[in-house]
Amino acid sequence: MVASAEDPMLPQPYRVAAVSRELADTVTLELTPASGLRPAFACGQFNMLYVFGVGEIAVSVSGESAQQNSFFHTVRALGAVSTALANLTPGDTVGLRGPFGKGWPLEAAADADVLIIAGGLGLAPLRPVVYEALADRNRYGRLALLVGSRHPTDMLYRDELEHWREHLDVDVDVTVDHADAGWHGNVGVVPGLIERAPVDPVRTIAMVCGPEIMMRFTVDALREAGVADERIYLSMERNMKCAVGLCGHCQFGPKFICRDGPVLRLDTVADILAVREI
Amino acid sequence: MRNLEEILSKQPFLAGLDGEHRRLVLGCARNRRFDAGAYLLREGEPADEFYLIRQGRVALEIAPPDKAPIVIATLGEGDIVGASWLIPPYHWRLDARAVEPTLVIGLDAECLRGKCEEDHDLGYEMMKRFLPIFVKRLHATRLQLLDVYGRS
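Fair warning: this is a prediction, and the values are worked out from it, not measured in the lab.

## Quick word on the interface of chain A and chain B
Taken together, the contacts link 29 residues of chain A with 25 residues of chain B. Buried area between chain A and chain B, summed over both chains or domains, comes out near 2,300 Å², and the portion from carbon and sulfur atoms is 52%. On the chain A side of the interface with chain B, the three residues burying the most area are R150, V187 and R196 of chain A, jointly 21% of the side's total. On inspection of chain A and its partner chain B, the count reaches four salt bridges. Among the ionic pairs, E224 of chain A bridges to K136 of chain B, the shortest N-O distance being 3.1 Å. At the surface where chain A touches chain B, the tally comes to eleven residue pairs in polar contact (both at pLDDT 80 or more). For the side of chain A that touches chain B, the secondary-structure elements that each account for two or more residues are β8 (143–149), β10 (179–180), β11 (186–187) and α5 (212–225) of chain A. Element by element, the count of residues in the side of chain A that touches chain B is highest for α5 of chain A, at four residues. Here the side of chain A that touches chain B is composed, by residue class, of twelve nonpolar, nine polar and eight charged. One ladder, built from two bridges, connects β10 of chain A with strand β5 (residues 70–75) of chain B; its direction is antiparallel. The partner of A179 of chain A across the bridge, within β5 of chain B, is V71 of chain B.

Next up, the structure:
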């Protein structure tokens, strides 16, 4: 779905309205359109962000869809473009194309238990789902959020996680891969949290985003818990370039991640998920 | 004792164990409670009792010389604490510390080893229950070692 300009290849100018530092190398950008009109987006979709003179990358939308005037993008400084994005300051201008792709299955999740499983920066594309589910809480059954990160100091949106856990009708469980004895939370991998998640596997819709290897282990744990492949959704990541299914850079077997994904139902990709050449 | 039998019967770890074998395990079991910060196991000490967590949370730790302990994993309700009781020389290889007040079923390792030696069917049932736990923890450790959330 392309909801912005008539020409999906033409970046539109957006102004950096605010920059929030999340972690030492990670920021959330609030971007407002120069035109004044921000296109609608679905949770799980992504935009192509263009730093003039540097390059363009795909970044998932990490903010609320109800927030009409801005896109929020959480960016970790890893390569040239993401580092340039992370170094932007309020008032700077970037190019933006999008939103693109298919998002999370909020329709299918209606009346179901919702199990959201995020690893590392994978929480960013899932945060809009949490916002949506909390804003329309009665539409869903039990709501559980499982989050894994490397270390307590690397935990994304930590204040929000604590707020959700303490004040809102969502079960939040977090775990870290490494910690010292001063950490009183869980230590271990995020799939290990699944067996204790307070959801009914038969009526659960699971939404998973994180490093691909983490998602593979998570799929194993979900299956073991009794969640059917048709009820598991993954957000896949490949090298998105054109974002409209033309260039083929993001090909994943018979699918283009930019057009057919990034959110894909497990049963449609299960047979190629562990194929290393893909 | 009936109370302990009821508690044991609800543990997923012992699900499917027949009545006679369950009674043998029960004969090696007792209720225990650990305050937050108390150690269930200490590295190097004899593996003479292992634990099934009823309620609470336990951190498995390694203490490098001159450094603060590193938490390897945390365990919760229904989890087993301690595997070295099965393997000679029957000494713990890790510390296990209660993160919060923790209720456990303590299982006398020497008692259970003896019963497993006398009754190999019971020994096989124990192995069938422990091996998946070991494999799951090995997989989890591998995933932790991969450092999947690190900079790439």
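So, next bit.
## Points about the packing of helix α2 (residues 19–26) of chain B against helix α4 (residues 120–146) of chain B
When two helices pack together, their arrangement is given by the angle between the helix axes and the distance between those axes. Residues and elements named next belong to chain B. Interaxial distance between α2 and α4 falls to 11 Å at its minimum, and their mutual angle equals 80°. Taken together, the axes of α2 and α4 are roughly perpendicular relative to one another. On the side of α2, the interface is formed by H21, L24 and V25, while α4 contributes D121, L122, E125 and M126. Tallied by class, the residues present in the contact of α2 with α4 amount to four nonpolar, one polar and two charged.

## A word on the confidence of the model for chain B
All names here are of chain B. Summary statistics for chain B give a mean pLDDT of 91 and a share of 97% for residues scoring 70 or more. Here helix α1 (residues 2–9) is the element of chain B with the lowest mean pLDDT, 81, and strand β2 (residues 39–41) is the one with the highest, 97. With pTM at 0.90, the complex prediction returns an ipTM value of 0.83.

## Focus on the environment of L88 of chain A
Residue and element names in this part refer to chain A. Take L88: it is sitting in the loop between α1 (80–86) and β6 (93–100). A sequence separation of 170 residues divides L88 from C258, and the C-alpha atoms of the two residues are 25 Å apart. Setting aside residues no more than four positions away along its own chain, L88 makes contact with V16, V19, L29 and V94.

What counts, and at which threshold
Residues numbered from 1 in each chain as written. Chains lettered and ligands numbered in written order. Predicted model: local features only at pLDDT ≥ 70, side-chain atom pairs only at ≥ 80, totals over all residues. Heavy atoms only, no water. Contact = heavy atoms within 4.5 Å. Buried area = accessible area lost by both parts, 1.4 Å probe. Salt bridge = Lys/Arg side-chain N within 4 Å of Asp/Glu carboxyl O. Polar contact = N/O pair within 3.5 Å; in protein donor to acceptor, adjacent residues only side chain to side chain. Helix = DSSP H or I, 4+ residues; strand = E, 2+ residues; numbered from the N terminus. Nonpolar A, V, L, I, M, F, W, Y, C, P; charged D, E, K, R; others polar. Pairing = 2+ DSSP bridges. Axes fitted to C-alpha atoms, helices over the stretch in contact; angles between N-to-C directions. Parallel < 35°, antiparallel > 145°, perpendicular 65-115°, else oblique. pLDDT = per-residue confidence, 0-100.

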